[in-house]
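Notes for the structure review
Single-letter residue listing:
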Amino acid sequence: QVQLVESGGGLVQPGGSLRLSCAASGFTFNMYTMSWHRQAPGKERELVAAITNTGISRNTADSVKGRFAISRDNAKNTVYLQMNSLKPEDTAVYYCKASSRYSDQIYWGLGTQVTVSS
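These notes cover the structure that comes with them. (Residues numbered from 1 in each chain as written. Predicted model: local features only at pLDDT ≥ 70, side-chain atom pairs only at ≥ 80, totals over all residues. Heavy atoms only, no water.)

A few points about the nonpolar core
Note the following rule: In plain words, nonpolar cores are sets of buried Ala, Val, Leu, Ile, Met, Phe, Trp, Tyr and Cys residues tied together by side-chain atoms within 4.5 Å. Relative accessible area decides the class of each residue, using a 1.4 Å probe on protein chains only: under 20% of the type maximum gives buried, over 50% gives exposed, and in between gives partly exposed. Each helix corresponds to a stretch of at least 4 residues labelled H or I by DSSP, and each strand to a stretch of at least 2 residues labelled E; elements are numbered beginning at the N terminus. The contact rule is simple, with two residues in contact once any of their heavy atoms fall within 4.5 Å.
Grouped together as the largest cluster of nonpolar side chains are 30 residues, with contacts concentrated most on Leu4, Met34, Trp36, Leu81, Met83 and Tyr94. When contributions to this core are tallied by element, the ones reaching two or more residues are β3 (18–25), β4 (33–39), β5 (46–51), β7 (68–73), β8 (78–83), β9 (92–99) and β11 (112–116). Among all residues touching Met83, those that are not within four sequence positions of it are Gly16, Ser17, Leu18, Leu20, Arg67, Phe68, Tyr94 and Val114.

Written out as structure tokens, the structure is:
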């Protein structure tokens, strides 16, 4: 059974920080590119950041560059998103995604809510 379980979301004030985690199971984690996406009400889901199976970051959104950082720990089957200097426009549901060049299958988590408000 494939599972991607996000955690770490919540309510923070503008300028604050959060670290999201995505715990993966049921597939060969170290062969997959992992990414974080977000979707705000009334908007399309957008890519935030991605990281290859070997730990190379790519495709970081301009809106979060310099504030967010993606990382992974293959020994723990976990990918992280460190979010600093949060802004109200960062408010969204954040989703974890797994994909592989060797498979047509794409896996999604159910998401975790991040709300940035004073």
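Some points on the packing of aromatic side chains
The condition that has to hold: By convention, a stacked pair of Phe, Tyr or Trp rings (six-membered ring in the case of Trp) has centres within 6.5 Å and planes under 30 degrees apart, an edge-to-face pair has planes over 60 apart, and any other such pair is tilted. We count a charge as sitting over a ring when the NZ of a lysine or the CZ of an arginine lies within 6 Å of the ring centre and within 35 degrees of the ring normal.
With the rule as written, the count across this model stands at 5 aromatic pairs. An angle of 65 degrees between the planes, with centres 4.7 Å apart, marks the rings of Phe27 and Tyr32 as edge-to-face. Taking the centre distance of 5.2 Å and the plane angle of 35 degrees together, the rings of Phe27 and Tyr107 count as tilted. Remark: Tyr107 occurs in strand β10 (residues 107–108) and Phe27 occurs in the loop between β3 and β4; sequence separation between them is 80 residues. The exposure class of Phe27 is buried, given its relative accessible area of 13%. Sitting over the ring of Tyr95, Arg45 keeps its end group 3.7 Å from the ring centre.

Focus on the pattern of salt bridges
Condition: A pair is scored as a salt bridge if a Lys or Arg side-chain nitrogen falls within 4 Å of a carboxyl oxygen belonging to Asp or Glu.
Counted by the stated rule, this structure contains 4 salt bridges. For Arg38, the salt bridge identified is with Glu46, shortest N-O distance 2.7 Å. Residue Arg38 is classed as buried on the basis of its relative accessible area, which comes to 6%. Via salt bridges that share partners, Arg38, Glu46, Arg67 and Asp90 belong to a single interconnected network.

Quick notes on the pairing of β4
As a reminder, the rule being used: The pairing criterion is simple: DSSP has to find at least two bridges between the two strands.
Of all the 7 residues making up β4, 6 are buried; the element is thus mostly covered by neighbouring parts of the structure. For β4 and β9, the ladder comprises 7 bridges, and the chain directions are antiparallel. The residue of β9 that forms the bridge with His37 is Tyr95. The pairing of β4 with β5 spans 5 bridges and is classified as antiparallel. Looking at β5, one finds that Ser35 is bridged to Ala50.

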